[in-house]
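# Structure at a glance
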Amino acid sequence: MQTRVLFHVAHKQNNEEKLMGLHRQLQDVIEDQMCLASMHYMRSHFQEALDIYKRYLVENRYGNFFSSELKNIFFGFFFVVII
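Below you will find a few notes about this structure. (Residues numbered from 1 in each chain as written. Predicted model: local features only at pLDDT ≥ 70, side-chain atom pairs only at ≥ 80, totals over all residues. Heavy atoms only, no water.)

## Thoughts on the environment of I30
- Its place among the elements puts I30 in helix α3 (residues 30–42).
- Here the alpha-carbon distance between I30 and I52, two residues 22 residues apart in the chain, equals 9.6 Å. (Helix = DSSP H or I, 4+ residues; strand = E, 2+ residues; numbered from the N terminus.)

Here it is, written out as structure tokens:
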């Protein structure tokens with residue numbers, strides 16, 4: 001969690017070097033990947049964010065706790081990008 005918070009703080013402080021260092025520390029777990037997707041979105045890297053959301057939506061479509069949450073995020077994000 002500390003890495004994710006510092007990741008967002010580095011973005012707010014426009015500290016690109018620290019941001020990239022923290023980016024390398026993120027792992028392939030859903031919490032870190034959702035953090036990364038949100039960062040892509042804030043930096044207007046919409047396709048990268050959408051790819052992460054889509055990947056987790058497909059992987060968790062069989063009743064996992066996150067599936068309904070991710071579905072809402074994905075469709076909300078998709079709606080915002082299209083409009």
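Next, the rest of the story.
## Focus on unusual backbone geometry
- The backbone of N14 shows a phi angle near 55°, a positive value even though the residue is not glycine.
- Relative to the elements of secondary structure, N14 occurs in the loop between α1 (2–12) and α2 (16–25).
- The backbone phi angle of S44 is positive, close to 65°, even though this residue is not glycine.
- You can see S44 is positioned in the loop between α3 and α4 (46–59).

## Looking at α3
- With 13 residues, α3 should reach 18 Å at 1.5 Å per residue; the first-to-last C-alpha distance of 18 Å fits that figure.
- When we look at burial in α3, the residues that qualify are I30, D32, Q33, M34, C35, L36, A37, M39 and H40.
- Looking one or two places after α3, you find S44, whose phi comes out positive at around 65°. (Expected span 1.5 Å × (residues − 1). Buried < 20%, exposed > 50% of the residue type's maximum accessible area, 1.4 Å probe, protein only.)

## Some thoughts on the pattern of salt bridges
- If you walk through the whole model with that rule in mind, you get three salt bridges.
- Here R4 ties to D32 by a salt bridge, and the two come within 2.7 Å at their closest N and O atoms. Residue R4 is located in helix α1, and its partner D32 is located in helix α3; the two are separated by 28 residues in the primary sequence.
- Here R4 falls in the partly exposed class, since its relative accessible area comes to 21%.
- In this structure D32 comes out as buried when scored by relative accessible area, which is 7%.
- A salt bridge links E16 to R43; the shortest N-O distance between them is 2.7 Å. Highlighted residues: E16 in helix α2 and R43 in the loop between α3 and α4, separated in sequence by 27 residues. (Salt bridge = Lys/Arg side-chain N within 4 Å of Asp/Glu carboxyl O.)

## Considering the packing of α1 against α2
- One can describe the packing of α1 onto α2 by two numbers: an axis separation of 9 Å at closest approach and a directional angle of 155°. As summarised for this structure, α1 and α2 are arranged roughly antiparallel, according to the angle between their axes. Remark: the crossing between α1 and α2 carries left-handed chirality. Residues T3, L6, F7, A10 and H11 of α1 form the contact with α2, whose own contacting residues are K18, L19, L22, H23 and Q25. (Axes fitted to C-alpha atoms, helices over the stretch in contact; angles between N-to-C directions. Parallel < 35°, antiparallel > 145°, perpendicular 65-115°, else oblique. Left-handed = near helix turned anticlockwise from the far one by under 90°. Contact = heavy atoms within 4.5 Å.)

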